[in-house]
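Structural description and commentary
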Amino acid sequence: MISISNLYSKFQKLGLVEAAVKIQPPQHAGGYILIKSGMDHHAPTLGLLNIATSFVTWWQCRQRTVWRITPLTAEYIRSVNLTFLPETSPPSWTGNAILIESTRPEKPLFDDVFSMACYRIPDMTGRDRYFFILLSYPDGVMVFSIATDLFRINQKMAESGEMFMPGWIDDTGLDLDRSVPREKKQTAYNAIRFVFAFSYYVDSPARMIMTIEPGPPVKNERGKVVKKDGQPTSQWRYVTAQIVKKADLPKEERPLDKSNLSLEPVLVVPHIRRRGDKIIIVDQHDSHRWKNPEKIASKISI
C-alpha cells in the first residue's frame, strides 16, 4: 500500500523537481518526471501521470503541506453540506494543490479512500479544471476532473452526470459499455464535497486543532542541512487536523408566522454557504425550530 505522499517523496528524491517546474503545461512536467524516473510504463499510467502532475503543482505552493486527518475529523467533514464550487483554490491550499490523507489508512476519509490530492490547472483545451486523484485501501486508484466554473454542485447533478463531461474519469473506472458506474459518480461527488469542506474548515483555525511536524530537511549541494534562524529548513510540513465542534446558534432574521407551527428540537447539520465573496461555516448544533409537521424539513429531528 503506497500513499500519494509516499510517491511525492520518491519524486522529490529523483532530483528532477527544479527542471520539472520550468516545463509548461504542468501535464508535460508530470510526464517528464515519469519518463525520467522510468515509471512511464507502469500501470495505471494515467493515475501516475496525474499524481506526478499534482506533485509538480503542489511543489510550487507557498507552503507545502501534507494534511493528515483523524478518523473522527473525517467523520465530521463527511457530514458537512456544501453546495457550491469555488472557481479559485481556497486560501488553505497556499497555491493550486492540496494533499489530504487519513492518519490511519484502514480508516478512510470517505468511502474507501485514504489518500487524495486535488489540483487546479488548465486542461489541454485551456479550460480551468480541478483534477482529483483518489487512492483507496489497500491498492485502488481513481482519477477524475471537473470544470471550475460549475458554481454549484448537488446530488442530482452528480447522479445525472451533469457536473461531469466525456473524459472526466480514467478508463479503469468505466463499465464494459463505456458508461460511468453510479458508485463512481457518488465517490467523485463525495470527494468534491470532502476536499472543499475540509479546506474551508482549515481556513477557520478556531475550528481545528493543528499539530505541525517538520518534513525532511532541505540540503545543500554538499549534503548539509540548510538552517534558518538556527533551525533546519523543511521541504514540506505535516499537519494533523482534529475538529473542534462549536455551537453557532443562528439569529432570527425576521418575524415568523407561527400559526399552525409547533416548536420542536432539531439537530442542525454542519454546512458551508457562500455569501458574495465570503464563506460562512455553520457548525452542527442543537436548536429549536418552528416546524409544520406536514412538511419534511432539511434538518434532523432529535
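Residues numbered from 1 in each chain as written. Predicted model: local features only at pLDDT ≥ 70, side-chain atom pairs only at ≥ 80, totals over all residues. Heavy atoms only, no water.

**Comments concerning the confidence of the model for the protein**
- Chain-level pLDDT for the protein is 82 on average; 78% of the residues reach the 70-or-more range.
- Below pLDDT 50 for its whole length, residues 247-256 participates in 12 contacts with residues either more than four positions away or in separate chains.
- Below pLDDT 50 for its whole length, residues 295-302 participates in 15 contacts with residues either more than four positions away or in separate chains. (pLDDT = per-residue confidence, 0-100. Contact = heavy atoms within 4.5 Å.)

**Re the sheet that holds strand β12 (residues 271-275)**
- The strand order across the open sheet built from three strands is β2-β12-β13, with neighbouring strands paired in mixed fashion. Taken across any chain shown, the strands that pair with only one partner, and hence form the sheet edges, are β2 (81-82) and β13 (278-282).
- Where β2 lies against β12, two bridges are found, and the strand directions are parallel. Within β12, the residue paired with L82 across the bridge is I272. (Pairing = 2+ DSSP bridges. Helix = DSSP H or I, 4+ residues; strand = E, 2+ residues; numbered from the N terminus.)

**Digging into helix α5 (residues 71-78)**
- All of the buried residues in α5 are T73, A74, Y76 and I77. The buried side chains of α5 occupy one side of the element, clustering within an arc of 160° when seen end-on.
- Elements that come into contact with the buried residues of α5 comprise β1 (65-69), α7 (182-202), β7 (208-214) and β10 (237-243). (Buried < 20%, exposed > 50% of the residue type's maximum accessible area, 1.4 Å probe, protein only. Arc of directions from axis to C-beta.)

**Here's the deal with the packing of α5 against α7**
- The contact between α5 and α7 brings their axes to 9 Å, and the two run at 110°. In terms of their interaxial angle, α5 and α7 are classed as roughly perpendicular. Note on element contacts: α7 touches α5 through R193, F194, A197, F198 and Y201, opposite A74, Y76, I77 and R78.
- Each residue belonging to the contact of α5 with α7 can be placed in one class, and the counts come to seven nonpolar, no polar and two charged. (Axes fitted to C-alpha atoms, helices over the stretch in contact; angles between N-to-C directions. Parallel < 35°, antiparallel > 145°, perpendicular 65-115°, else oblique. Nonpolar A, V, L, I, M, F, W, Y, C, P; charged D, E, K, R; others polar.)

**A word on the nonpolar core**
- Residues I100, M116, F132, I192, F196 and F198 are the most contacted members of the largest nonpolar core, which totals 47 residues.
- Broken down by element, this core gets its largest block of residues, 12 residues, from α7.
- Leave out the neighbours within four places in its chain, and F196 touches L82, L85, P86, P90, W93, Y130 and F132.
- Formed by 32 residues, the second largest nonpolar core is a distinct cluster that contains I4, W58, L99 and I133. (Core = buried A, V, L, I, M, F, W, Y, C linked by side-chain atoms within 4.5 Å.)

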